Amino acid sequence: MKNKIVILIFTILLFAPAAYPCGAPTEIYGQVTANVLGLNLPVYQATVVLEDEGMTVFVVRSNPFGWYRFPAVLPCGVYTVRALHTRFVFTPFNIPPEDFDDGDVRVDLVGALSN
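Residues numbered from 1 in each chain as written. Predicted model: local features only at pLDDT ≥ 70, side-chain atom pairs only at ≥ 80, totals over all residues. Heavy atoms only, no water.

So, on to the confidence of the model for the chain. When pLDDT drops low, the exact placement of atoms in the prediction is not to be read closely. For the chain, per-residue confidence averages 86 on the pLDDT scale, and 83% of positions sit at 70 or higher. Every residue in residues 6-17 is under pLDDT 50, and counting partners more than four places away or in other chains gives zero contacts. (pLDDT = per-residue confidence, 0-100. Contact = heavy atoms within 4.5 Å.)

Strand direction decides the pairing type here: strand S1 (residues 26-36) and strand S2 (residues 39-42), joined by four bridges, are antiparallel. Looking at the pairing, Asn 35 lines up with Asn 40 of S2. Where S1 hands over to S2, the hairpin turn is made up of two residues, of which Leu 37 adopts a positive phi near 55°. (Pairing = 2+ DSSP bridges. Helix = DSSP H or I, 4+ residues; strand = E, 2+ residues; numbered from the N terminus.)

Turning to unusual backbone geometry, a few remarks are in order. In the Ramachandran plot, Gln 45 falls in the positive-phi region, its phi being about 60° despite a non-glycine side chain. One can find Gln 45 in the loop between S2 and strand S3 (47-52). Classification of Gln 45 by relative accessible area gives partly exposed; the value is 33%. We note that Ala 72 has phi near 55°; this positive angle belongs to a residue other than glycine. Its relative accessible area of 54% is what places Ala 72 among the exposed residues. (Buried < 20%, exposed > 50% of the residue type's maximum accessible area, 1.4 Å probe, protein only.)

This part covers a negative patch on the surface. A cluster of acidic residues, Glu 98, Asp 99, Asp 101 and Asp 102, forms a negative patch on the protein surface. In this structure, Asp 101 sits in the loop between strand S8 (93-95) and strand S9 (105-106). Under the relative-accessibility criterion, Asp 101 is labelled exposed at 63%. (Patch = residues over 30% accessible without salt bridge, like charges linked within 9 Å, V, L, I, M, F, W, Y side chains within 5 Å. Areas by Shrake-Rupley, 256 points an atom, 1.4 Å probe, with all protein chains shown as cover. Salt bridge = Lys/Arg side-chain N within 4 Å of Asp/Glu carboxyl O. Lys, Arg positive; Asp, Glu negative; His and termini not counted. Charge placed at Lys NZ, Arg CZ, Asp CG, Glu CD.)

Below you can see the structure in the form of structure tokens.
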């Protein structure tokens with residue numbers, strides 16, 4: 001009886017489909033700041049967009065300290081993180097799949113005053 005149970009469990013584990021085809025979900029997080037008079041100050045209520053090949057995946061807002069978080073992101077492709085704000089301009093940041101190898105990914109976005 002024990003041998004049959006062990007064989008059954010081994011068969012289920014061996015032939016079970018992978019739950020996540022490209023790896024376990026990870027988190028992308030960071031801080032949105034702006035260079036104002038030489039100081040990197042946190043940007044409140046910045047819209048932070050996560051895109052996958054031009055399609056929007058997540059949209060979040062930064063908190064009063066400039067922090068944002070995208071939970072449960074599958075590391076399947078190249079993601080682009082961009083921040084939008086009425087007073088500041090930010091450069092988008094690309095995240096290749098290799099960056100997910102160490103787990104969660106931190107992306108800090110630093111902006112400048114817009115004209």
